[in-house]
Amino acid sequence: MKLLTGIALVAYVASVWGNFVNMRSLQDNGDQKVENKIEEAIAPLREKIKDLEKSFTQKYPPVKFLSEKDRKRILITGGAGFVGSHLTDKLMMDGHEVTVVDNFFTGRKRNVEHWIGHENFELINHDVVEPLYVEVDQIYHLASPASPPNYMYNPIKTLKTNTIGTLNMLGLAKRVGARLLLASTSEVYGDPEVHPQNEDYWGHVNPIGPRACYDEGKRVAETMCYAYMKQEGVEVRVARIFNTFGPRMHMNDGRVVSNFILQALQGEPLTVYGPGTQTRAFQYVSDLVNGLVALMNSNVSSPVNLGNPEEHTILEFAQLIKKLVGSGSEIQFLSEAQDDPQKRKPDIRKAKLLLGWEPVVPLEEGLNKAIHYFRKELEYQANNQYIPKPKPARIKKGRTRHN
Ligand SMILES: O=C(O)[C@H]1O[C@H](OP(=O)(O)OP(=O)(O)OC[C@H]2O[C@@H](n3ccc(=O)[nH]c3=O)[C@H](O)[C@@H]2O)[C@H](O)[C@@H](O)[C@@H]1O
């Protein structure tokens with residue numbers, strides 16, 4: 001009896017197992033088919049993703065490989081601005097790790113968007129007036145509006161940026177043992193009584209005039225650098241930057257180069273402030289960037305002028321831009337700007353001697369590049385303007401329309 005029950009039980013289990021196996025294989029077949037179909041459908045998508053990944057990794061400008069020993073972690077404050085973004089390009093292409101900090105007051109994401117996603121690049125939306133905690137080897141401290149209309153727009157903020165902002169960056173340099181380069185300015189010489197201006201000249205600045213927020217802000221920023229150097233042993237570099245121009249200047253920058261080029265391109269009058277006899281010497285942005293990097297990596301801790309000594313009157317400059325653009329614009333004389341420096345030209349003997357640096361881009365070549373850039377910007381603006389489409393008349397069903 002026991003044997004019979006056992007045989008019946010085995011037979012029952014065998015039949016249940018058989019059914020189960022049959023059902024599983026049917027289900028497996030069904031699942032397999034579904035899986036195959038899904039696989040077929042997503043295969044082209046997989047290919048597309050691969051292509052996208054490829055184009056994504058290929059889209060960055062070429063970056064040198066640097067060994068751990070040579071690769072530096074570099075912070076650029078104001079790195080999304082006009083000069084900062086060109087410096088970002090140079091340091092990224094040289095193979096360093098670059099962190100850009102910008103509050104986007106005058107900087108723009110567009111200036112550095114070609115690096116977003118790169119493993120060596122980081123973009124932080126931050127105002128240097130607040131402390132910052134990052135680990136870096138070098139700090140290029142460029143954060144500050146630089147164009148007179150921009151820095152006069154909110155003088156208190158300009159002062160805070162150049163004083164509290166610089167203190168914060170020096171504090172960071174001290175904490176992490178980084179070297180800091182301050183982007184100072186030819187404006188520390190004010191309306192100069194010495195011509196050309198060398199680094200030993202103490203300047204002639206009106207401390208309560210409209211430019212003072214920037215001029216005095218930068219002067220005290222220099223003072224802070226040397227106080228941190230003497231008291232705390234922070235390594236500092238100070239670049240006194242003279243008038244600089246090039247692509248990525250903001251369309252509304254308000255400085256003379258972008259104003260004249262945009263006015264000439266649009267057939268509007270070129271606005272000369274005063275009689276146009278005041279002089280400036282203009283350097284192309286790539287020359288400045290090379291000078292900044294050379295200074296940072298030198299052993300020169302005292303201030304160094306970086307500029308192009310080719311001097312022109314503003315009127316000559318207006319005529320040159322008109323000629324290069326091929327523009328029929330008039331020249332319009334407006335009232336003189338208050339405390340406008342009457343003569344400015346850098347003495348760059350120190351940079352030549354100690355850094356082996358001098359500008360190499362001729363003025364007309366640089367201007368042609370800037371003209372090309374602004375022409376494209378105007379086209380970009382024209383193509384991206386929002387023009388609202390006329391709304392179709394709303395017809396409500398079931399009701400008579402009264403016109
Ligand atoms: O370009 C720069 O890097 C420098 O620009 C400014 O100094 P500024 O020389 O006054 O610069 P601009 O506003 O470009 O003016 C240059 C000259 O052109 C004149 N100008 C400006 C604009 C304009 O439409 N028309 C015009 O005649 C100004 O009155 C001034 O005499 C900043 O104050 C500096 O810190 C900065 O280093």
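Residues numbered from 1 in each chain as written. Predicted model: local features only at pLDDT ≥ 70, side-chain atom pairs only at ≥ 80, totals over all residues. Heavy atoms only, no water.

1. Thoughts on the packing of aromatic side chains
All told, the structure shown has 8 aromatic pairs when counted by the stated rule. Ring centres of Phe-105 and Tyr-153 lie 6.1 Å apart, and the angle between their planes is 25°; this geometry places the pair in the stacked category. Residue Phe-105 is found in the loop between strand E2 (97-102) and strand E3 (121-125), and its partner Tyr-153 is found in helix H3 (residues 148-153); the two are separated by 48 residues along the sequence. Exposure remark for Phe-105: the relative accessible area of 39% places this residue in the partly exposed category. Using a relative accessible area of 63% as the deciding quantity, one classes Tyr-153 as exposed. (Phe/Tyr/Trp six-rings, centres within 6.5 Å; stacked < 30°, edge-to-face > 60°. Helix = DSSP H or I, 4+ residues; strand = E, 2+ residues; numbered from the N terminus. Buried < 20%, exposed > 50% of the residue type's maximum accessible area, 1.4 Å probe, protein only.)

2. Digging into the site of the ligand
Around the ligand, a shell composed of 23 residues is seen, among which Arg-211, Tyr-214, Thr-271, Arg-280 and Asp-340 lie nearest. Backbone polar atom of Thr-271 to a nitrogen atom of the ligand: 2.6 Å apart, as the coordinates give it. At 2.8 Å from an oxygen atom of the ligand is found a main-chain nitrogen or oxygen belonging to Tyr-273. At the level of elements, H3, helix H6 (256-265) and strand E8 (270-273) are the ones that each hand at least two residues to the shell around the ligand. Partitioning the shell around the ligand into residue classes produces 10 nonpolar, 7 polar and 6 charged. (Near = heavy atom within 4 Å. Polar contact = N/O pair within 3.5 Å; in protein donor to acceptor, adjacent residues only side chain to side chain. Nonpolar A, V, L, I, M, F, W, Y, C, P; charged D, E, K, R; others polar.)

3. Focus on the pattern of salt bridges
All chains considered together, the criterion is met by 25 salt bridges. Of the charged contacts in the structure, one is a salt bridge between Glu-68 and Arg-71, with a shortest N-O distance of 3.6 Å. Lys-352 is the salt-bridge partner of Glu-358, the closest N and O atoms lying 3.7 Å from each other. Residue class for Glu-358 comes out partly exposed when judged on its relative accessible area of 44%. Judged by relative accessible area, which is 42%, Lys-352 ranks as partly exposed. Residues joined in a network through salt bridges with shared partners are Glu-187, Arg-211, Arg-280, Asp-340 and Arg-344. (Salt bridge = Lys/Arg side-chain N within 4 Å of Asp/Glu carboxyl O.)

4. Points about the nonpolar core
Of all hydrophobic cores here, the largest spans 60 residues; its most connected members are Tyr-140, Phe-245, Leu-292, Leu-306 and Leu-367. In contact with Phe-245, not counting residues within four places along its chain, are Phe-82, Val-257, Phe-282, Gln-283, Tyr-284, Val-285, Leu-363, Gly-366, Leu-367 and Ala-370. Core analysis: the next-biggest nonpolar cluster, separate from the first, contains 23 residues, Leu-75, Val-136, Ala-178 and Ala-221 among them. (Core = buried A, V, L, I, M, F, W, Y, C linked by side-chain atoms within 4.5 Å. Contact = heavy atoms within 4.5 Å.)

5. Things to note about the sheet that holds strand E11 (residues 304-306)
What the 7 strands build is an open sheet, ordered E3-E2-E1-E4-E5-E6-E11; its pairing is parallel. The sheet terminates laterally at E3 and E11, the two strands that pair on one side only. If you compare each strand with its neighbour and ignore which way they point, the axes differ by 20° on average. Its contacts with the sheet place helix H5 (residues 212-232) against strand E5 (179-185) and strand E6 (236-241), and it is angled at close to 155° to E5. (Pairing = 2+ DSSP bridges. Axes fitted to C-alpha atoms, helices over the stretch in contact; angles between N-to-C directions.)

6. Here's the deal with the state of the cysteines
Evaluated as defined, the whole model comprises 0 disulfides. We note that Cys-213 lacks a disulfide partner, and the nearest cysteine sulfur, in Cys-225, lies 19 Å from it. (Disulfide = S-S within 2.5 Å.)

7. Examining the confidence of the model for the chain
When pLDDT is averaged across the chain, the result is 91; 87% of the residues are at 70 or more. Note that residues 395-403 has pLDDT below 50 and, in this model, 3 contacts with residues that lie over four places away or in other chains. (pLDDT = per-residue confidence, 0-100.)

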